[in-house]
Amino acid sequence: MIKRAENAVGATITRLSGNAMAAVPLLLAFGFALAAAAYWANEELGPLFGNLAIAGVFLVVALLVYAYARRREAAQQARASAELAALTEASPMTAITRALQSSNVSQALYDLARNAAPTAAKTAAVSALRAAPRNLPLLLGAGLGLMVASRLVDAWTNGRRH
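Residues numbered from 1 in each chain as written. Predicted model: local features only at pLDDT ≥ 70, side-chain atom pairs only at ≥ 80, totals over all residues. Heavy atoms only, no water.

Student: What exactly am I supposed to notice about the overall build of the protein here?
Tutor: Within the protein one finds 3 helices and 0 strands. Evaluated residue by residue, the protein yields a buried proportion of 6% over its 162 residues. For the protein, the computed accessible surface area is about 13800 Å², with 70% contributed by carbon and sulfur atoms. (Helix = DSSP H or I, 4+ residues; strand = E, 2+ residues; numbered from the N terminus. Buried < 20%, exposed > 50% of the residue type's maximum accessible area, 1.4 Å probe, protein only. Areas by Shrake-Rupley, 256 points an atom, 1.4 Å probe, with all protein chains shown as cover.)

This is how it looks when you write it as structure tokens:
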């Protein structure tokens, strides 16, 4: 897990540095294009109207970027609200509360347990199988310890059962 985090951080740093290296020539190209556009606008429209035209283009671009950002933010908030509603709807506490408020509480709780059991069993089995290789030495050690302890108790009691 730590290695994945390190790899993700490394990949992010590599991507950001690559973007920063690409941004420098892009900004220089944009600066030269802007200078050429200003030169052309001043030659064609005169200094006053040429500069006003360039300012107008930047104003339109800024308004478009602002509108796009607002629409994107609204979509993200709507998506987050929908995800929160889905989580709340799927919440075990919500299901239990609804079952307790139903007219036939025992049947509702039975149905809830019956519907949740396969998913819970699958999740528990997957977790146990993932953890088994990691805990195998611990389990073997515990088993050997119990075996030795039972042999010691048998030896101390001379095989007598109480």
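Student: What's the story with a nonpolar patch on the surface in this structure? I'm lost.
Tutor: Among the surface-exposed residues, Leu144, Met147, Val148, Leu152, Val153 and Trp156 lie close enough to one another that they form a single nonpolar patch of about 630 Å² accessible area. With respect to the helices and strands, Leu152 occurs in helix 3 (residues 105-156). The class for Leu152 is partly exposed, based on a relative accessible area of 40%. (Patch = residues over 30% accessible without salt bridge, like charges linked within 9 Å, V, L, I, M, F, W, Y side chains within 5 Å. Salt bridge = Lys/Arg side-chain N within 4 Å of Asp/Glu carboxyl O.)

Student: Just to check I follow, could you spell out the confidence of the model for the protein for this structure?
Tutor: Detailed reading of the predicted coordinates is not advisable wherever pLDDT falls low. Scored by pLDDT, the protein has a mean of 80; 88% of the residues are at 70 or more. Within the protein, the element-level pLDDT minimum falls on helix 2 (residues 92-101), averaging 70, and the maximum on helix 1 (residues 2-89), averaging 85. (pLDDT = per-residue confidence, 0-100.)

Student: Before we go on, may I ask you to explain the pattern of salt bridges in this structure?
Tutor: Opposite charge on two side chains permits them to pair, given that their charged atoms come into close proximity. Summed over all chains, the structure comprises 1 salt bridge. Of the charged contacts in the structure, one is a salt bridge between Arg70 and Glu73, with a shortest N-O distance of 2.4 Å. Of the two residues, Arg70 and Glu73 both sit in helix 1, 3 residues apart, roughly one turn of that helix. Judged by relative accessible area, which is 34%, Glu73 ranks as partly exposed.

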